[in-house]
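# Coordinate analysis (summary)
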Amino acid sequence: QVQLVESGGGLVQPGGSLRLSCAVSTTFWRFKTMGWYRQAPGKERELVATLTVSGGTNYADSVKGRFTISRDNAKITVYLQMNSLKPEDTAAYYCNVYPPVNDYWGQGTQVTVSS
């Protein structure tokens, strides 16, 4: 059974940084495009960033230039480095394959950007 466990969220001031981690329970992800998603209160879940097996990346316009998605094959982990955080980045963040598989959603990690 595939498990994706997100961590690294927290409370940060505007302009601050956080690095999210997503630990994957199997190595299947090496052959999959991975994605980070987020869901703010009262809003639908949205795609934030994707990373292909060959290293290609794509970002939502709202985070372009501030967020960076990466992976560590040895640790079977996907990261999301978030810089210059804004209050509108406040959300629960999730990782999944892209396109997402419903059975793979984890608990997510909460990011709150507030002064």
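Now for a quick tour of the structure. Remember, predicted model here, so these are calculated numbers, not experimental data. (Residues numbered from 1 in each chain as written. Predicted model: local features only at pLDDT ≥ 70, side-chain atom pairs only at ≥ 80, totals over all residues. Heavy atoms only, no water.)

### What about the pairing of strand E10 (residues 109-113)?
Along E10, the buried face is formed by Thr-109, Val-111 and Val-113; none of Gln-110 and Thr-112, which line the opposite face, is buried. As paired elements, strand E2 (residues 10-12) and E10 share 3 bridges and run parallel to each other. Bridging from a neighbouring strand, Gly-10 pairs with Val-111 of E10. As paired strands, strand E9 (residues 91-97) and E10 are joined by 3 bridges and run antiparallel to one another. Across the sheet, residue Ala-91 finds its bridge partner in E10, namely Val-111. (Buried < 20%, exposed > 50% of the residue type's maximum accessible area, 1.4 Å probe, protein only. Helix = DSSP H or I, 4+ residues; strand = E, 2+ residues; numbered from the N terminus. Pairing = 2+ DSSP bridges.)

### Concerning the environment of Asp-61
In this structure, Asp-61 sits in the loop between strand E6 (57-59) and strand E7 (67-72). Since its relative accessible area comes to 66%, Asp-61 is described here as exposed. There is a polar contact of 3.0 Å between the side chain of Asp-61 and the side chain of Lys-64. (Polar contact = N/O pair within 3.5 Å; in protein donor to acceptor, adjacent residues only side chain to side chain.)

### Digging into the sheet that holds strand E8 (residues 77-82)
Strand order in the open sheet made by the 4 strands is E1-E3-E8-E7, with antiparallel pairing throughout. What marks the edges here is a single partner per strand, and that holds for strand E1 (4-7) and E7. Averaged over all neighbouring strand pairs, the angle between strand axes comes to 15°, with direction disregarded. Alignment of E1 against strand E3 (residues 18-24), held across 4 bridges, turns out to be antiparallel. Across the sheet, residue Glu-6 finds its bridge partner in E3, namely Cys-22. (Axes fitted to C-alpha atoms, helices over the stretch in contact; angles between N-to-C directions.)

### What about the state of the cysteines?
For the structure on display, the rule yields 1 disulfide. Disulfide partner of Cys-22: Cys-95, at an S-S distance of 1.8 Å. In this structure the cystine formed by Cys-22 and Cys-95 twists about its S-S bond by roughly 55°; its chirality is therefore right-handed. One end of the pair, Cys-22, is in strand E3; the other, Cys-95, is in strand E9, with 73 residues separating them in the sequence. The residues Cys-22 and Cys-95 share a single accessibility class, namely buried. (Disulfide = S-S within 2.5 Å.)

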